[in-house]
Amino acid sequence: FVFFFFQAEDGIRDVERSRGLGDVYKRQMEKVTGKAYDLAAFPLLKFDDLVKRAPSLTVEAVKKKYDSKEHYINMLSLVDYTTLDVTDTEEKVVKMTKAVNGFMTAYPNAKNVAAICVYPPFASVIKKNLTDKNVKIACVSGGFPASQTTLAVKLLETNRCLKAGADDIDIVLPVGKFFENKFDEIFNEISEIKKLCGDKKLKVILEVDALKSYTAIWTASILSMEAGADFIKTSTGKVDRDQPLFESRFFIMCEAIKAFNGARNKKIGIKPAGGVRTPEQALALYTIVMEVLGKDYQNNHLFRIGASGLANALLSKIEGKETKYFPQSNYKNKNKKKKKKKKKK
């Protein structure tokens, strides 16, 4: 494996040591690989110029190409139907799974969700109850959502998820280590987890709202893919979303995948997640993927959308009326007594 070196937004590329991010990344990569990546084979990008294209991809004229029932049905098939709440219970996960099981009977002209995504204790619950074999079991792992634990613990947790029936593993890039430029440790960590996963999908969450800068997002994307990630994913949903910048940050990830696909002749998946709630938001992200990565990404083998409430929102769009088929992430225990409202005097 080799690492990529990309120019920082401050434009520093001098061979002498400096405080610029570009030189920090270059020196770290030289330390790990013995040499910097061949820049001639991988041209440096001017991110500020690049991201100016992002708004042009989601203007109404472009989005109109994908604003149709056919594409909304396809978007629904990309959803990783998710619950990652502190209040999650087996009852709740069973209810979600049964809804997925019955979906194609209830809506034979639609497409079912791609996966059910849960915390590790619930993988076996889905495995026991899931009857639609086209739907995957996805588990967050590796000390989600902070990734602040040891590699040994991350491997143990991931191994237990896989043994419990997980098809997909979603881990978080150790952002603290990234800020300390410990790229060798990050590379090793992701590689070891991917080795454990084998042919199961490994998704690496970059936490773009923590990384913030385009240079950091690009570099984290390439580093994760070089280490073996099958997908790169935007967010955990546990960090405050900078909504105005989310689409441009997502766009940078798509451009990184496009560059990696070309250089490595290997297609890597993309997954926006955390705060994708409406068909309008999904359409904007879908449009970016279609325009940057192409029609090869119109399937859940390469494109997922992580969300809890989006499935019902998309189904409502498809049906042309409000539909609440899927239990929401905030599903309440049916045995819990409702509080009586006090009557106003």
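Residues numbered from 1 in each chain as written. Predicted model: local features only at pLDDT ≥ 70, side-chain atom pairs only at ≥ 80, totals over all residues. Heavy atoms only, no water.

(A) Just the side chain of Thr97, in detail. Along the chain, Thr97 turns up in helix H6 (residues 90-106). Note on Thr97: relative accessible area 0%, which makes it buried. Setting aside anything within four residues of it in sequence, one finds Thr97 in contact with Ile116, Ile126, Asn129 and Leu130. (Helix = DSSP H or I, 4+ residues; strand = E, 2+ residues; numbered from the N terminus. Buried < 20%, exposed > 50% of the residue type's maximum accessible area, 1.4 Å probe, protein only. Contact = heavy atoms within 4.5 Å.)

(B) Structural context of empty space enclosed by the protein. Here the structure, examined in full by the defined rule, presents one cavity of 30 Å³ or more. Quantified by volume, the largest cavity comes out at close to 50 Å³. Lining the largest cavity, in full, are Arg241, Gln243, Phe246, Glu247, Gly275, Val276, Gln281 and Leu285. Elements that contribute at least two residues to the lining of the largest cavity include exactly helix H13 (243-264) and helix H14 (279-293). For the lining of the largest cavity, the element with the highest residue contribution is H13, accounting for three residues. Its residues assigned to classes, the lining of the largest cavity shows three nonpolar, three polar and two charged. (1 Å grid on protein atoms, 1.4 Å probe; cavity = no way out; pocket = protein on both sides within 12 Å on 5 of 7 lines; lining within 4 Å. Points joined across faces, edges and corners; volume = space filled by probe spheres on them. Nonpolar A, V, L, I, M, F, W, Y, C, P; charged D, E, K, R; others polar.)

(C) Spotlight on the side chain of Ser316. Relative to the helices and strands, Ser316 is located in helix H15 (residues 310-319). When sequence neighbours within four positions are dropped, the list of residues in contact with Ser316 reads Lys321, Glu322 and Thr323.

(D) Structural context of the sheet that holds strand E7 (residues 269-271). Spatially, the eight strands line up as an open sheet ordered E7-E6-E5-E4-E3-E2-E1-E8, and their pairing is parallel. Strand pairing shows two members of the sheet lacking a second neighbour, E7 and strand E8 (305-307), which therefore form its edges. Along the sheet, successive strands turn relative to each other by an average axial angle of 25°, direction set aside. Of the strand pairs in this sheet, strand E4 (residues 168-172) and strand E5 (residues 201-205) are connected by five bridges, and their pairing is parallel. Bridge pairing links Ile171 to Val204 in E5. (Pairing = 2+ DSSP bridges. Axes fitted to C-alpha atoms, helices over the stretch in contact; angles between N-to-C directions.)

(E) Seen up close, unusual backbone geometry. At the junction of Phe144 and Pro145, the peptide bond is cis and its omega measures out at 5° in the coordinates. Along the chain, the position of Pro145 falls in the loop between strand E3 (136-140) and helix H8 (151-163). Of note, the phi angle at Glu207 is positive, near 55°, even though the residue is not glycine. Following the sequence through the fold, Glu207 ends up in the loop between E5 and helix H11 (208-211).

(F) Layout of the pairing of E4. Of all five residues making up E4, five are buried, and the element is well covered by its neighbours. Going residue by residue along E4, you find Asp168, Asp170 and Val172 tucked away on one face and Ile169 and Ile171 tucked away on the opposite face as well. The sheet contact formed by E3 and E4 spans three bridges and is parallel. If you follow Cys139 over to E4, its bridge partner there is Ile169.

(G) The arrangement of the state of the cysteines in detail. One pass over the structure, following the stated rule, counts zero disulfides. Looking at the unpaired Cys117, the closest cysteine sulfur is the one in Cys139, lying at 7.2 Å. A residue is classified by how much of its surface remains accessible, and Cys117, at 1% relative accessible area, is buried. The closest cysteine sulfur to the non-disulfide-bonded Cys161 is located on Cys139, 4.1 Å from its own sulfur. The class of Cys161 is buried, set by a relative accessible area of 1%. (Disulfide = S-S within 2.5 Å.)

(H) View of the layout of surface pockets. Taken as a whole, the largest pocket holds about 430 Å³ of empty space. Looking at the largest pocket, it is lined by 26 residues, and the ones nearest its centre are Thr236, Gly237, Gly274, Gly275 and Ser308.

(I) Just the confidence of the model for the protein, in detail. Put simply, the protein has an average pLDDT of 85, and 82% of its residues get 70 or more. Under a pLDDT of 50 for its full length, residues 27-42 has, in the predicted model, 35 contacts with residues more than four places off or in other chains. This model gives residues 331-340 a pLDDT under 50, and the stretch forms five contacts once residues within four places in sequence are excluded. (pLDDT = per-residue confidence, 0-100.)

(J) Geometry of the packing of helix H12 (residues 214-227) against H13. One can describe the packing of H12 onto H13 by two numbers: an axis separation of 9 Å at closest approach and a directional angle of 40°. When the interaxial angle is binned, H12 and H13 end up oblique. Taken as a pair, H12 and H13 cross one another with a handedness that is right-handed. Counting all contacts with H12, which are made through Tyr214, Ile217, Trp218, Ser221, Ile222, Met225 and Glu226, the residues of H13 involved are Leu245, Ser248, Arg249, Ile252, Met253, Glu255, Ala256, Ile257, Ala259, Phe260 and Arg264. Looking at the contact of H12 with H13, its residues break down into twelve nonpolar, two polar and four charged. (Parallel < 35°, antiparallel > 145°, perpendicular 65-115°, else oblique. Left-handed = near helix turned anticlockwise from the far one by under 90°.)

(K) Here's a closer look at the pattern of salt bridges. Overall, the coordinates contain 23 salt bridges when judged by the stated rule. Across the salt bridge formed by Arg264 and Glu226, the nearest N and O atoms sit 3.2 Å from each other. With Arg264 in helix H13 and Glu226 in helix H12, the pair connects residues that are 38 residues apart, well separated along the chain. For Arg264, a relative accessible area of 29% translates into the label partly exposed. Connected through shared salt-bridge partners, Asp80, Asp168, Asp170, Lys203, Lys233, Lys271 and Arg304 make up one network. (Salt bridge = Lys/Arg side-chain N within 4 Å of Asp/Glu carboxyl O.)

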